[in-house]
Amino acid sequence: MGKKAINKKEALIDDAWDITYDSIFCDVIDQSKELTKEKLEEARYKIRYIDKSDWLPIAQKLVNENPFIKEIPLAETASSIFLNKQMTTSNLKVVFRTN
């Protein structure tokens with residue numbers, strides 16, 4: 001893989017991290033509607049204070065699997081995977097809105 005391709009992947013991941021970390025609006029959706037209000041608040045807290053070192057390997061794997069993914073879907077998918085692992089569930093979806 002050429003240096004330009006590697007730099008493009010790194011730039012994509014950096015942009016997705018910026019969305020994850022600096023998003024104006026972030027919501028956590030419980031697709032199963034089974035979590036208590038307290039558990040949902042805990043999930044939102046975990047996303048607000050997500051650490052890049054926990055998020056980065058997930059994002060790198062996603063980019064390697066799909067090099068055509070865009071920044072917002074990458075940020076949302078990596079964050080959702082992270083959060084579902086943290087909360088031991090598979091029903092949480094993270095949504096970012098940047099405007």
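Analysis parameters
Residues numbered from 1 in each chain as written. Predicted model: local features only at pLDDT ≥ 70, side-chain atom pairs only at ≥ 80, totals over all residues. Heavy atoms only, no water. Axes fitted to C-alpha atoms, helices over the stretch in contact; angles between N-to-C directions. Helix = DSSP H or I, 4+ residues; strand = E, 2+ residues; numbered from the N terminus. Parallel < 35°, antiparallel > 145°, perpendicular 65-115°, else oblique. Left-handed = near helix turned anticlockwise from the far one by under 90°. Contact = heavy atoms within 4.5 Å. Nonpolar A, V, L, I, M, F, W, Y, C, P; charged D, E, K, R; others polar. Core = buried A, V, L, I, M, F, W, Y, C linked by side-chain atoms within 4.5 Å. Buried < 20%, exposed > 50% of the residue type's maximum accessible area, 1.4 Å probe, protein only.

A. Structural view of the packing of helix H3 (residues 52-65) against helix H4 (residues 71-86). Between H3 and H4, the shortest axis-to-axis distance is 9 Å and the interhelical angle comes to 125 degrees. Taken together, H3 and H4 sit at an angle that is classed as oblique. The handedness of the crossing between H3 and H4 comes out as right-handed. Contacts from Asp54, Trp55, Ile58, Ala59, Leu62 and Val63 in H3 reach Leu74, Ala75, Thr77, Ala78, Ser79, Ile81 and Phe82 in H4. Looking at side-chain class alone, the contact of H3 with H4 contains 10 nonpolar, 2 polar and 1 charged residues.

B. Region of the structure containing the nonpolar core. Formed by 25 residues in total, the largest nonpolar core has its most connected members in Val28, Ile47, Trp55, Leu74, Leu83 and Leu92. Looking at this core, the elements with two or more residues in it are helix H1 (3-22), helix H2 (37-48), H3, H4 and strand S2 (92-97). Not counting residues within four places of it along the chain, the set of residues in contact with Val28 comprises Leu40, Ala43, Arg44, Ile47, Leu83, Leu92 and Lys93.

C. Region of the structure containing unusual backbone geometry. In this model, Lys33 sits at a positive phi of 60 degrees, which is unusual for a non-glycine residue. With respect to the helices and strands, Lys33 occurs in the loop between strand S1 (25-30) and H2. Even without being a glycine, Thr88 presents a positive backbone phi close to 45 degrees. Residue position: Thr88 is located in the loop between H4 and S2.

D. Region of interest: the environment of Leu40. With respect to the helices and strands, the residue Leu40 is situated in helix H2. Residues Leu40 and Thr88, 48 residues apart in the sequence, show an inter-C-alpha distance of 13 Å.

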